[in-house]
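Fold and geometry: a report
Okay, here's what each chain looks like letter by letter:
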Amino acid sequence: MVNGRRVLGRFPAGGPRGSWPAEEFAQARRLEGTAAEVVMDLATDTFLVIVREAESDAAA
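Attention in this report is confined to the structure presented alongside it. Along each chain, the written sequence defines residue order, and numbers are assigned to residues from 1. For this predicted model, a pLDDT threshold of at least 70 governs which residues receive local features, and a threshold of 80 or more governs which side-chain atom pairs are given and counted, while totals over whole chains, interfaces and linings are taken from all residues. The side-chain values count all of the structure's non-hydrogen atoms but skip hydrogen atoms and water molecules.

**Structural notes on the packing of aromatic side chains**
Rule in force here: Pairing of aromatic rings covers Phe, Tyr and Trp, the last counted by its six-membered ring, and requires centre-to-centre distances within 6.5 Å; plane angles under 30 degrees mean stacked, over 60 mean edge-to-face, and any other angle means tilted. Helix numbering and strand numbering both begin at the N terminus, where a helix is a DSSP run of H or I of at least 4 residues and a strand a DSSP run of E of at least 2. We call a charge positioned above a ring when the Lys NZ or Arg CZ atom is no farther than 6 Å from the ring centre and deviates by at most 35 degrees from the ring normal.
Applying the stated criterion across every chain, the model contains one aromatic pair. On the basis of an interplanar angle of 55° and a centroid distance of 5.6 Å, the ring pair of Phe 11 and Phe 25 is categorised as tilted. Taken together, the residues Phe 11 in strand 1 (residues 5-12) and Phe 25 in helix 1 (residues 20-31) connect sequence positions 14 residues apart. For the cation-ring pair, Arg 29 lies above Phe 25, with the distance from its terminal atom to the ring centre recorded as 4.4 Å.

Right, dumping it as structure tokens:
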């Protein structure tokens, strides 16, 4: 967990499909009921699929 966020997946930004794999992964998690979102980690040039812990804790 980083800054109140749990990382569910990491996807390289330099891939030929850009953020699509991360967006597809996040959408699959949302269909399962997890409030996943995609953010960009500029330091590592990576798309992260995250869940904000404050929101997920409130739902539990």
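**Considering unusual backbone geometry**
Rule in force here: Per-residue accessibility, obtained with a 1.4 Å probe over protein chains only, is compared with the maximum for each type, and a residue is labelled buried under 20%, exposed over 50%, and partly exposed between these values.
Although it is not a glycine, Asp 45 adopts a positive phi angle of roughly 55°. One can find Asp 45 in the loop between strand 2 (36-41) and strand 3 (46-52). Assessed through its relative accessible area of 44%, Asp 45 is described here as partly exposed.

**Description of the side chain of Thr 46**
What counts is decided by this rule: Any pair of N or O atoms that falls within 3.5 Å is considered a polar contact. Within protein, one atom must be able to donate a hydrogen and the other to accept it, and sequence-neighbouring residues count only if both atoms are side-chain atoms.
Position of Thr 46 relative to the elements: it lies in strand 3. Here Thr 44 takes part through its backbone oxygen, which lies 2.9 Å from a polar atom of the side chain of Thr 46.

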